[in-house]
Structures are given as structure tokens and as C-alpha cells.
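Report on the structure
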Amino acid sequence: MTVDWTSLEEKWRQRWCVEKQFESDPDTKKKFFVTVAYPYPNSPQHIGHGRTYTLADVHARFMRMMGYNVLFPMGFHYTGTPILGMARRVQENDKELIETFRTLYKVPEENIREFSEPIKIADYFHQEIKAGMIEMGYSIDWRREFTTIDPVYNKFIEWQFRKLKEKNLVIQGTHPVGWCPRDQNPVSQHDTLGDVEPSFTEYTIIKFRYDRYILPTATLRPETIFGVTNLWINPNVIYEIVEVDNESWIVSSECATKLEFLNKKIAKTGKIIGKDLVGKKVKVPERNEEVFVLPATFVKSENGTGIVMSVPAHAPFDYQALEDLKKNVSQYPDLALIVDIKPISIIETEGYGEVPAQDIVKNFQIGDQNNPRLDEATKELYSREFYGGKLKKNTGKFAKKVVSEAKEEVKKWILASGNADILYELNESPVRCRCGAKCVVKLLDNQWFLNYSDPEWKQKTHSWINEMRILPEEIRNEFNNVVDWLRERACARQHGLGTKLPWDKNWIIESLSDSVIYMAYYIIAKYVNSKEITSDNISNTFFDYVFLGEGEPRKISSECKIKPEVLEKIKDEFQYFYPVNARHSGRDLVPNHLTFFIFNHLAIFPRKYWPEEIVVNGSVMMEGKKMSKSMGNIIPLRDAIRTHGADSIRLAILISAELLQDADFNQEAVRGIRNKLENMLDECTKYKPLKNIDLQQEDRWLQSRLQQLIAKTTFSMQKMRLREALHHVLYEFETDLQWYLKRAMAKKRTDFSGILHEIFSARVAMMSPFVPYVSEEMWSGLANPGLASKTVWPIAIESKIDFQSIQSENLLKLTLDDIKKIIKVTRISPKKIIVYTATPWKVKAYHEILSKVMAGEVNIGALIKSLIADKDIEEIKKDPDFVKKTVNDILSESQEESESKNKVELIDERKVLSELDSLIQSEFGIPVQVFSESDQDKYDPKNKARTARPYKPAILIE
RNA sequence: GCGGGAGUUGCCAAGCCUGGUCAAAGGCGCAGGGCUUAGGACCCUGUCUUUUAGGAGUUCGUGGGUUCAAAUCCCACCUCCCGCACCA
């Protein structure tokens, strides 16, 4: 059967839309508010995006069927810089980008022409993404749609920031960033050529005084100031004399540039060549000693200040350079004294002698200062000393401290005395901006931060994280870790789309900061879209009233020109729908958005509006590979819908992995799924809701299994283990169905349509959240009333489970399996099959043993002793092996299984096994005979009957 | 460096939280059969070793341990993957 998926989906989509099935307003039912991170419209959405949204939609649809008034809205995040960058590239006629628009994104030519305007890009992809969401069948209430540059949204974000500022959570400070001097803008990884992360390291500048000058050196190891024996300078480099904040520094010209961006007032007043400084003596700060400035070729003008402080005891470079110099002392007649310079050891580390640098240089067989292995040696020694070293007593008050701690303390100490400063150095240089300019580290003044370091705020967030529902559970700990290492976060930047900082209009609120409490705005958006409120009238007091219940409604309604009843309605609606019951997002947002989301809700809203649950999902792989533009394996969602149909895609991305795992999307699987759905749809047209017939054993069994299926599936759904739930409904139950049909067919029954109708109706209902379109089609195929999407989720009724029939069918299945196994192993073609059930005393004994084992008694001897006390079963003396085997039988089955056996009376095996006849007849075409072990006139030529045990009949095949 | 996660039978991948139904789901691949002019699709059967009586043996990264019982719990080790900020 071929299904026209496109028109099938269109048909039901129309119906949902016309009947406004997914628009929700406050009513008397319990509400469920589910949200997903809104998309950033700078490209069409692909299958990877589809996963999070589909997950949320399944959640929404499930909760709707569970009887909740579900609100599932969607917005669009225009805030940010990437779209701005794209627009600029279009202006510059960037071939590559335009080609991407054309061929990959299939943007019409007339739209591309407009893309030099950022908003046009956002608008275009906004509509594209929205269309995809509708086609995917997401049950979204579109009346609440908005973008983050809507004027009322701006007012809302202003309100958010004023609130944060009132609570002193927005602070101002100075902050180093990677910076492009040409663009006058911070650079991040995707702003650089080759996507290099512009990371940098903080160095301590130590000021050595020479005459009226300062020779600054940059170091990562300020604690080694106690071991300085000399400075190194490159004799061939021309240094700059620079006035820096009323001091005269001598630094390389590269260093002078760096200092400028670190907000130093710089004036270049002269030049001096390195060799003119060789042999001069400088004062070591805090030590009241003088050391020589010596020449070294390893000193590079682009690193640090271009001058290096020398600690030969602990720095392999310094040690080697000093050795080299001593060897060539004849070249420096004025420096004869240097042969007396001895390394000053200040750190002791296990495994190293008095002069660790000497040890390691020998070990590495360095030879001279240009040996590239010096880097390696430096790294090793640094790390050994950092973690294992202790300062010696020649370091004064820092003695006995471990290096890792002393380092910071020494730095603070020298900084406090004015003999030190801070320098930032890019780790990998040069880093080039996309524009081609060399990046630097800039100290940004008066930057605005959200103070995620605030201990009280952190504490509050921790304790809420430990209370809220987080799925999957493994991720909870990760949230706590994020909270721990989160620091101040810059929350405003100077370019991009977004909302201006209300008290400082030079700044635009950054995109990860204007997207943390917007779920509340979905309530407002409905009234903005219906034009009941406009941006002109909205003020802070409006939000205070709606969200916090603060203020005088009459005053506010006149101030904001909102009818009092509308104001009241909005507030009531907010109070009805808030808090967010479930927030969905990909796991990449855990260390940022999701954590900020919690932080900000806790700061702004009262406890009753804090988010209740977060659901995190993994990403999607394409045919086992990571999706990426360069691999060319990004499939736009709408393309995929056209080829596979929405339902198949939904199922494919949900069934291939559990929540946090990466799901794999592959053509093969999608085809298989579509086939399965088509077969099932076909099946659904066959069964009619016939009135009840005389229920037979297998009917009762199938109905019981259905109850168990419903219970299991519901349990999985509630934990958002969707893969597991699907597995139950789609695949696991198939085995039961096959068995049922086998039984029914063997008995040549024709009256089971009604039973299967009942079964399929329940299954279709449970499939409906996952594959909403085809479920509607199946639902109507089954001639059920109404919509599958709006039907109630099946409820498992324990009393409907007939454990007797479950045990009976199990026995049948196991016996049939055993017969098949015997036939397989013996390779005989059976002519006669005889089955023997256990003798009554064994049945009684089994029952005894079962209840004893369930009570914890597993000792065979003790069991036998208590059993022979019973006259009915004293025969057990003759067959002690029976006890052992029975105990093993019981122990090797599940607790659940044993409990269910313990719960019901033992089944009448003889009666149950008489049902074998039809099965054996249809499978092997021969009859089956059933005896009891205790029958006097039984046919038992091979004396098999005596091996029979309850649930394990003896079998003879001839 | 800090933090998180994973290693399962030819491959992908469940199971692990809550130990026993686990020789271990499902899919792919492979083998046989059905359907078909043939192929594809689809359906059935099989797919660790061994076994002419429903059994036995050896497996879940490696090595220990706890337990009547370990893929599952504990400890150590090895290997691999991901995130680390002004970026959505």
C-alpha cells in the first residue's frame, strides 16, 4: 500500500488549524507550560534542530492527552551578532556565503538581494523555520509568537535588567577580551581567520629599576622573584623608552602596542638598543639587591615586554643561557664577574636536587639555549614545581608554602607595593580577525556584567537545582558544576541586534542575557499580537503588576492606557500559566543558557514561579557522522519532510537514542520506519469495534498484556524515556500480537476483530504524540470518534490483568519452545508428541517452595526438612533433586515473575496444555497427547513422566 | 589544567540507576526459505561454541573485590569522546 504522506499530513494539519486545537487559554483544568529554546534565524533549521522541538512537542502532546491544559508557544531570537556579520558579508558580495544561500538554503534570488539588511535575513529564516515547525506537526499556539526585537519585548528586557540592577546583580568592571583594532570590536572564535579561539594568559609584570628607568619583565612565575640572578635582554633589538603612567619604561615596541590596549597612557620618548643596556645593574624589587642585565638571543621582542627576568635555578632557559654566557665570557670583557653568578634555589621539589633546572637540562641533553627541547624541559619542570614544589626559607614569609598557592599570594604582594603590573598575552599569535587585522588583548573599561559570582545567588541556584526535576538525572551534577565555575558574565556589547541597556544606551544587551526569562513574555505576546497592548503604553509598572502583582492596578491601567479588565486578564493568565513546567533544550545549552535561565528566574521571580523541570537532549548525527557544513551533510528539515514525511522523521530521531545520547539519522532507518507505519495504517482499517464475544484464554491474555503495555509505556513517558516508550508500543508488543494471531489462527477463529480493535486503538493513542499525522489517519481508520491528538491517554487498570492467563500462555509458549528445541537437537521428524504434567504432590510442593523462597529461604536441606513434615508431599524424600531444581527455577526467574506466580493459584496445567493441540497441529500436523505424571494408564515407554515439574512439563517425542 | 561522558556479542546500539526473566532487545550485515521472469522491496527462519532430548561451556575495555548470584554494585588501571565564556 502506498501512502501519499504529503496530502495525508496536509489534511490533518488543516483540521488542527481550523479547529484551533492547540491554542490554549486559562481554564479550569490543570495547566502544563512547556517551552523550548527559541531558534536563532540565521539559517533554515535542519534535522538536528528538529530533535529538541520534536521532543518538546511529544511532551506537550502527551501531557495534553493526560488531561492537562497544555501551552506550547514559540518565539524567535533575533538578538546577536552573527546575522549582522552575515549582512556585512552580503554587502561585501561574499561569494561563498551567497552560494550557500542559493544552493544549500535555496533562498530565492530576490530575497538574497535584500540580505544586506540584517533584519531581512532574520525575517526570511524566521518564516522558513516557522513553516518547517508547522509542517513537522508541532502543536504550537502561534498566537503567542514574537521576536526579540519587537518593541514590547524590548520594554520587557529593560524591565528585566532594571530588576537585576536593583538587586545589585548587574555590576560594572574592567575585563580583558580578544580584540580587533580595526573593527573596534571584541573577537570570538568565529570572528577569526581559521576559527582560532583568541585565548590569552595573564602575566605578571615585575618592575626592575635602573636609574630613572624601569625595565619591566613579564612572567608566569612571580614567586621566582626570590631567585632572580640577572635580567636577559636581546642585544640586537631596539627598545622603546615609553612614558607609562608617569614612569619611564624600557620595552620592545611590540610591548608598547600591547600596553596601549591595556588602557595605559603611552608616550614614546626615545629608543635604545639592547646592547647599550647590557652590563647595567638593576634593582630587584622587594629584595634590595642589584643584578646585571645580560645578553641572550632567546629573548624575543614579541614575547612579553622583550626583557626577561632570569631564574637559573628553576628555569631551564635561564640556566642554559647563563651557562652559554659563562663559556663565552671572553667576548664580554666588562662582564668578567658573571662567572661568579650562582643560581639561587628557592623551591624544593621531590626528585630534583639543589638546582632543578640544571638537573633537567642535563637530563634532556640540551647543550645550548637554541635547543628546541628547552620548551619541553620548561613545561615539565614548571608543572612538577607547580604541583609538588614548596618554597624554601629564603622566600621570607612565603617559606614552606606550596608553589600553586604561593604564586597568587606573591603576585598580590608585589602588586600592592606598586612594583608589579598585569600584562595579557595571546596564547597563539598571531590571531587574525576575519577582516585580516592582527588581534590584541584589550582591557574593556566599564563593561557591564551579570554577577554570577555572587555567593548568595550561587547558593540559591544550587539549592533549587537540587530540588527541581532534571532529566536525565545524570545532568543534574553538571548543572551544579556550571554554577560553581560560573563567573561574572559580560551582558552587553556594542554591536548587534537587541535591546539597549536602559541606563546606558551605548550598550546592547547581549543575546544570552535577553533570553533567560522570556517564557513569561509568551503571556504578553498574545495581547501584543491582538493589539490590545502596544509598546507606547507599556511601562515598568505594567510588568511589575503582571509578573509580581505589585502596584496599584487602577493607576497602572490609566498610565499604560490599558483597560482595567484587560490588565487583570493578563495578570490572571500569567498567574495561571506560570511557572514553566518543562523547559527543553539541547545539551550544548547546559553550561550557558539553561543555567542562566535558572539563575535569572530565581533572582527576579518569587519562588512559586521558579521553573519546575529541565529536559536535556543530545544531538543528531547524520549516517553516523557529525553534521557539519564542510561535510555537506546538513539536511534542511523541510527538504527531509518532503522526502520522508514528518511522522517518519519524528520517529526516526526519537527512536534511535535515549535522551542524552546522540541520535543517528539514517535513510535506511527512516525507510524502515515509514514502512512500518504504512503497514500499521493498513492494519488499522481491518478491525471494527465489534460487540463483545465470548472471551477465550488468549483474548484475556492479550488484554492483560495490553494493560501491562500501557503501564510500562506510561511510566517511560513520564520519565521522558521516549525511545523506551516507543519501543514498547511499536516493537515489543508486536511479539505478543504475533503470538496471539498464531493462537487464534491455529484455532481457526474469525471472531477476534473486536479484540484487535481495542488493542490497536490503545496503541494508536499512545503513538499519537510521536506520529501525530498518521495516528489521526489510523484513528479514523479504526472508526474512532474525535481526534487522536485530543483523546485521553490510555489508563492501565491493574485489576484487568489476569495473572492466571499470563501464566497459562507462558506455559504454552515455554512448552512449545522446549518441543521445538528437542526436535532441533535430535533432528527427528516427529510423529507423536506426548506431554506430562507434574503429579499433584509436586504441585503442592512447588507452592510451598515458592512461598518459602520468596520469604528468603534458599537452603535446600532446610527446605526438604520442612517439606517432608507434610504428609501430602512426603514423597519428596524419594526425589530430593526436585527441590534443588525447583529452587533454581524460581531463583533464575525475575522477582516480578515469581511474585505473579505466588499471587495466583497454580494453574491447571493439564487444561492449559490441551490448548497445545491446535498449535502443534498447525505447526507439525500431528496431534498431541497430555497426561499427568500420576495417570495410571498413561503412555510412557521411556519413563519420561517422572521428570515433570510444575511449569516444566515432561515431553516425549517419537 | 578544570569539568562531564563512554567502552557490550561482525557493525550500530539497548540493558547498568532498581544484581537473578541475560547468550544479552532492536536495527544493519550475513546464511537459508517464501514471494517474484529476475532484481529490489516485503515476509519467515537462523546467526558465540558445543550438543541426536529440552542441556552444557565461554563472553559484556583490563585486573581485583562484594554476593548464593555481576554486563549490572565497589576499587584500581587502560583507551576514546565532548564542553570551558562574551559565542548563538
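Residues numbered from 1 in each chain as written. Chains lettered and ligands numbered in written order. Predicted model: local features only at pLDDT ≥ 70, side-chain atom pairs only at ≥ 80, totals over all residues. Heavy atoms only, no water.

Focus: the overall build of chain A
A count of helical and extended segments in chain A gives 33 helices and 30 strands. Each principal axis of the C-alpha distribution contributes one length, and for chain A these read about 125 × 80 × 55 Å. If you take every contact in chain A between residues at least 6 apart in sequence, the share linking residues at least 24 apart comes to 76%. Taken as a whole, chain A presents about 42,400 Å² of accessible surface, with 49% of it coming from carbon and sulfur. Seen as two clouds, the 134 positive and the 137 negative side-chain charges of chain A have centres 1 Å apart. (Helix = DSSP H or I, 4+ residues; strand = E, 2+ residues; numbered from the N terminus. Contact = heavy atoms within 4.5 Å. Areas by Shrake-Rupley, 256 points an atom, 1.4 Å probe, with all protein chains shown as cover. Lys, Arg positive; Asp, Glu negative; His and termini not counted. Charge placed at Lys NZ, Arg CZ, Asp CG, Glu CD.)

What about the sheet that holds strand 20 (residues 492-493)?
Hydrogen bonds along the backbone pair up the strands of a sheet, which may run parallel or antiparallel. Ordered by their spatial adjacency, three strands build an open sheet running 20-22-21, and the pairing between neighbours is antiparallel. Edge positions in the open sheet fall to strand 20 and strand 21 (500-501), since each of these has one partner strand only. Across two bridges, strand 20 lies against strand 22 (residues 504-509) in antiparallel orientation. Bridge pairing in strand 22 places Ala492 opposite Ile509. (Pairing = 2+ DSSP bridges.)

Things to note about helix 20 (residues 637-644)
The α-helix winds at 3.6 residues per turn, so residues separated by three or four positions along the chain end up facing the same way. Buried within helix 20 we find Leu637, Arg638, Ala640, Ile641 and His644. Here the buried residues of helix 20 occupy an arc of 155 degrees about the axis, which is enough to place them on one side. Facing away from the buried side of helix 20 by more than 90 degrees, the exposed set consists of Arg642 and Thr643. Looking at the buried residues of helix 20, the elements they touch are helix 1 (5-18), helix 2 (47-65), helix 6 (118-135), helix 21 (646-655), strand 27 (663-665) and helix 22 (667-684). Positive backbone phi, approximately 90 degrees, marks Gly645, located one or two places after helix 20. (Buried < 20%, exposed > 50% of the residue type's maximum accessible area, 1.4 Å probe, protein only. Arc of directions from axis to C-beta.)

Considering the pattern of salt bridges
Pairing is possible between side chains that carry opposite charge, provided their charged atoms lie close to one another. In this structure the tally under the stated criterion is 58 salt bridges. Where Lys207 meets Glu247, a salt bridge forms, and the shortest distance between an N and an O atom there is 3.2 Å. Taken together, the positions of Lys207 in strand 5 (residues 200-210) and Glu247 in strand 9 (residues 247-251) put the pair 40 residues apart, joining distant regions of the chain. Linking Glu915 and Arg743 is a salt bridge whose minimum nitrogen-to-oxygen distance equals 2.9 Å. In this pair, Glu915 is assigned in the loop between helix 32 (909-913) and helix 33 (916-924) and Arg743 in helix 24 (residues 722-746), connecting sequence segments 172 residues apart. Through salt bridges with shared partners, a single ionic network connects Glu698, Asp699, Arg743, Lys747, Arg749, Asp751, Glu809 and Glu915. (Salt bridge = Lys/Arg side-chain N within 4 Å of Asp/Glu carboxyl O.)

What to know about the layout of surface pockets
By volume, the second largest pocket is sized at about 1,600 Å³. In terms of lining residues, the second largest pocket is bounded by 43 residues, among which Tyr203, Ala218, Asn303, Gly304 and Glu425 are the most central. Counting only elements with at least two residues in the lining of the second largest pocket, the list comes to strand 5, strand 6 (213-219), helix 8 (253-261), strand 13 (307-310), helix 9 (316-327), helix 11 (373-388), strand 16 (420-426) and strand 17 (440-451). Per-element accounting of the lining of the second largest pocket gives the leading share, four residues, to helix 11. Residues that form the lining of the second largest pocket fall into these classes: 20 nonpolar, 12 polar and 11 charged. (1 Å grid on protein atoms, 1.4 Å probe; cavity = no way out; pocket = protein on both sides within 12 Å on 5 of 7 lines; lining within 4 Å. Points joined across faces, edges and corners; volume = space filled by probe spheres on them. Nonpolar A, V, L, I, M, F, W, Y, C, P; charged D, E, K, R; others polar.)

Some details on the environment of Leu97
Structurally, Leu97 can be placed in helix 4 (residues 95-104). Placed 538 residues apart in sequence, Leu97 and Ile635 show a C-alpha to C-alpha distance of 17 Å. With residues near it in sequence (within four places) discarded, Leu97 still touches Met86, Arg89 and Val90.

Focus on the nonpolar core
Judged by nonpolar contacts, the single largest core of 146 residues is most densely connected at Phe72, Met74, Phe101, Phe665, Leu702, Phe770 and Leu916. With 11 residues, helix 24 is the largest single contributor of residues to this core. Formed by 76 residues, the second largest nonpolar core is a distinct cluster that contains Leu71, Met468, Cys491 and Trp507. (Core = buried A, V, L, I, M, F, W, Y, C linked by side-chain atoms within 4.5 Å.)

Some words on the protein's contact with RNA strand B
RNA strand B sits among 49 residues. The nearest are Tyr40, His175, Arg493, Ser511 and Asn592. Ser511 is positioned such that a nitrogen or oxygen atom in its side chain is 2.5 Å from a phosphate oxygen of RNA strand B. One of the backbone N or O atoms of Ile955 is found 3.4 Å from a base nitrogen in RNA strand B. Residue assignment for the surface near RNA strand B shows that the elements contributing at least two residues are helix 14 (475-485), strand 19 (488-490), helix 19 (590-604), helix 24, helix 27 (803-826) and strand 30 (954-957). When residues of the surface near RNA strand B are assigned to their parent elements, the largest contribution, five residues, is made by helix 27. Broken down by class, the residue content of the surface near RNA strand B amounts to 18 nonpolar, 18 polar and 13 charged. (Near = heavy atom within 4 Å. Polar contact = N/O pair within 3.5 Å; in protein donor to acceptor, adjacent residues only side chain to side chain.)

A look at the environment of Lys155
Its place among the elements puts Lys155 in helix 7 (residues 151-166). Residue classification places Lys155 among the partly exposed positions, given a relative accessible area of 25%. In this structure the C-alpha to C-alpha distance between Lys155 and Ile538, which are 383 residues apart in sequence, comes to 7.3 Å. Setting aside anything within four residues of it in sequence, one finds Lys155 in contact with Ser535, Asp536, Ile538 and Phe543. One polar contact links the side chain of Lys155 to the main-chain carbonyl oxygen of Ser535, over a distance of 2.6 Å.

Some thoughts on empty space enclosed by the protein
Evaluated as defined, the whole model comprises four cavities of 30 Å³ or more. The wall of the largest cavity is formed by Arg705, Gln708, Leu709, Lys712, His728, Glu732, Phe733 and Asp736. Going through the elements one at a time, helix 23 (697-718) and helix 24 are the ones with two or more residues in the lining of the largest cavity. For the lining of the largest cavity, a count of residues per class yields two nonpolar, two polar and four charged. Of the pockets and cavities examined, the second largest cavity occupies roughly 50 Å³. Considering the residues around the second largest cavity, the lining is formed by Arg51, Leu55, Ile653, Leu654, Ala657, Glu658, Leu659, Met720, Leu722 and Arg723. Looking at the lining of the second largest cavity, the elements that each hand over two or more residues are helix 2, helix 21 and helix 24.

Thoughts on helix 15 (residues 521-529)
Among the nine residues of helix 15, eight are classified as buried, and the element is accordingly described as predominantly covered. Within the span of helix 15, buried status applies to Tyr521, Tyr522, Ile523, Ile524, Ala525, Lys526, Tyr527 and Val528. Turning to helix 15, the residues buried within the fold contact strand 1 (31-36), strand 2 (69-71), helix 7, helix 16 (540-548) and helix 18 (564-577). Trailing helix 15 by a residue or two, Lys531 shows a phi angle of about 65 degrees, which is positive.

Examining the sheet that holds strand 4 (residues 185-186)
Pairing is antiparallel across the open sheet formed by four strands, whose spatial order is 4-3-17-19. One side of each edge strand has no neighbouring strand; the edge strands of this open sheet are strand 4 and strand 19.

A short note on the confidence of the model for chain A
Mean pLDDT over chain A: 87, with 98% of residues reaching 70 or higher. Here helix 31 (residues 895-903) stands out as the least confident element of chain A, with mean pLDDT 71; strand 2 is the most confident, with 97. Overall fold confidence for the complex sits at a pTM of 0.86, while the interface term, ipTM, reaches 0.85. (pLDDT = per-residue confidence, 0-100.)

Some words on the packing of aromatic side chains
In this description, an aromatic ring pair is defined by two values, namely the gap between the centres and the angle between the planes. Scanning all chains against the criterion turns up 59 aromatic pairs. Each ring, one from Trp464 and one from Trp610, has its centre 5.2 Å from the other, and the planes form 75 degrees; the classification is edge-to-face. Linking Trp464 in helix 13 (residues 455-467) with Trp610 in the loop between helix 19 and strand 24 (613-617), this pair joins segments that are 146 residues apart in sequence. Classification of Trp464 as buried rests on a relative accessible area of 10%. Trp610 gets classed as buried once you look at its relative accessible area, which sits at 9%. (Phe/Tyr/Trp six-rings, centres within 6.5 Å; stacked < 30°, edge-to-face > 60°.)

Observations concerning the packing of helix 20 against helix 21
Direction vectors running N to C along helix 20 and helix 21 enclose 110 degrees, while the axes themselves pass 7 Å from each other. When the axes of helix 20 and helix 21 are compared, the pair comes out roughly perpendicular. Contact residues: Leu637, Ala640, Ile641 and His644 in helix 20; Ala646, Ser648 and Ile649 in helix 21. Tallied by class, residues from the contact of helix 20 with helix 21 come to five nonpolar, two polar and no charged. (Axes fitted to C-alpha atoms, helices over the stretch in contact; angles between N-to-C directions. Parallel < 35°, antiparallel > 145°, perpendicular 65-115°, else oblique.)

Looking at the side chain of Asn451
Positionally, Asn451 belongs in strand 17. According to the relative accessible area criterion, Asn451 is buried, its value standing at 12%. Setting aside chain neighbours within four positions, we find Asn451 in contact with Leu169, Ile171, Trp457 and Glu488.

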